[in-house]
Amino acid sequence: RLLGSSAPQPFSSSTSFFRMPLTSLVAVAPAGAHGRLAAMLGDSATLSFLPTSAAAQPVTIQAPEEWADRAYVELPDAEAQVHSTFYPEILRVLKRGAKICIRHRRPNNGKSCVDLLVFAGFVDAVETDTDGVTFETTAAKPNWNQGAAMPLSLKKKKTAATPTPKPAEEPSNNAKKVWTISADDGEDLMDEDSLLEDSTLTPKPKPASDCSTSRKACKNCSCGRAEMEENGDTTAQPTSACGNCYLGDGFRCAGCPYRGQPPFKPGDKVQISLD
């Protein structure tokens, strides 16, 4: 049975846990277990004892780092709560390679002691069923420091292998021939510029300006419309380039000078009546 229960029993499988050479022990157990733990250790070991209620709250063990040889925890209640900082604090005071033994019932909250110890930083966590009711979980503090790092070599080691000589191959008439291209094969290369004719390189002349599709005379007008506008003669009608100006806006170009005016007959002057 668990220490501190109504009918205390001697340690079962955990007895060997205390037979090992032991000079310092951290124990978290019910108050009734303090006397029996002290009697078991005698004067040969130092005991740091805390009540079981200390596991449910943030606690600081009054001991320096890497002080204890072992840690013993007893949780007689299946509803026992364990604070997230409890096991890391025990890990702090344990020496490297030191072990922890937890006697507990199967927790009802679904949290495994093995998982809690692994998350705290312990290694080699194992849970053992002692009598179907009581379980013992043991783990150890790793032998390396927290945050220790070691470079990994990803390069494969080269092994010296004796090359096997290949037998000489006789030339075969059926062997595939491979094409080879060389700059000095004796053939003249064609000049790319010779493929272009002079007419291709000569830019095409711009078409003469045409005022027939604009409302005003072009900047470089050559059809005489600019002179007519300077003299105030605006009666002359511009010549249609597409032949559809008289049909209406639906047939006129985007720059047609007749846009916005009603349809008319070719040659007639467009007049808008304001009556």
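Not measured: the values here are computed from a predicted model. (Residues numbered from 1 in each chain as written. Predicted model: local features only at pLDDT ≥ 70, side-chain atom pairs only at ≥ 80, totals over all residues. Heavy atoms only, no water.)

### Looking at the nonpolar core
To keep things clear, this is the line we draw: To qualify as a nonpolar core, a set must consist of buried Ala, Val, Leu, Ile, Met, Phe, Trp, Tyr and Cys residues joined through side-chain atoms within 4.5 Å. For each residue, the accessible area found with a 1.4 Å probe, counting protein chains only, is set against the maximum for its type, and the residue is called buried under 20%, exposed over 50%, and partly exposed in between. A run of H or I in DSSP becomes a helix once it reaches four residues, and a run of E becomes a strand once it reaches two; helices and strands are each numbered from the N terminus. By definition in these notes, contact holds between two residues if any of their heavy atoms fall within 4.5 Å.
Among the nonpolar cores identified, the biggest contains 26 residues, and V73, F86, Y87, I90, L94, I100 and F122 are the most heavily contacted of them. Elements with a minimum of two residues in this core: β1 (24-29), β3 (68-75), α3 (86-93), β4 (94-105) and α4 (113-120). Here the element with the most residues in this core is α3; it accounts for five residues. Dropping the residues within four chain positions of it, Y87 is found in contact with L75, V82, I100, I102, C113, L116, L117, A120 and F122.

### As for the pattern of salt bridges
This is how it is decided: What counts as a salt bridge is simple: a side-chain nitrogen of Lys or Arg found within 4 Å of a carboxyl oxygen of Asp or Glu.
Overall, the coordinates contain five salt bridges when judged by the stated rule. Across the salt bridge formed by E66 and R96, the nearest N and O atoms sit 3.5 Å from each other. Here E66, found in the loop between β2 (46-51) and β3, pairs with R96, found in strand β4; they are 30 residues apart in sequence, far enough to count as distant. One salt bridge connects D69 with K95, and the closest N-O pair in it is separated by 2.9 Å. Of the two residues, D69 is situated in strand β3 and K95 in strand β4; the sequence distance between them amounts to 26 residues.

### Let's talk about the pairing of β4
Stated precisely, the cut-off is as follows: Pairing between two strands requires that DSSP report at least two bridges joining them. Note on handedness: a crossover is taken as right-handed if, strands pointing away from the viewer, the path from the first strand over the helix to the second is clockwise.
Pairing geometry for β3 and β4, over seven bridges, is parallel. In the strand pairing of β4, E74 is matched with R103. Regarding topology, α3 serves as the crossover connection from β3 to the parallel β4, and that connection is right-handed.

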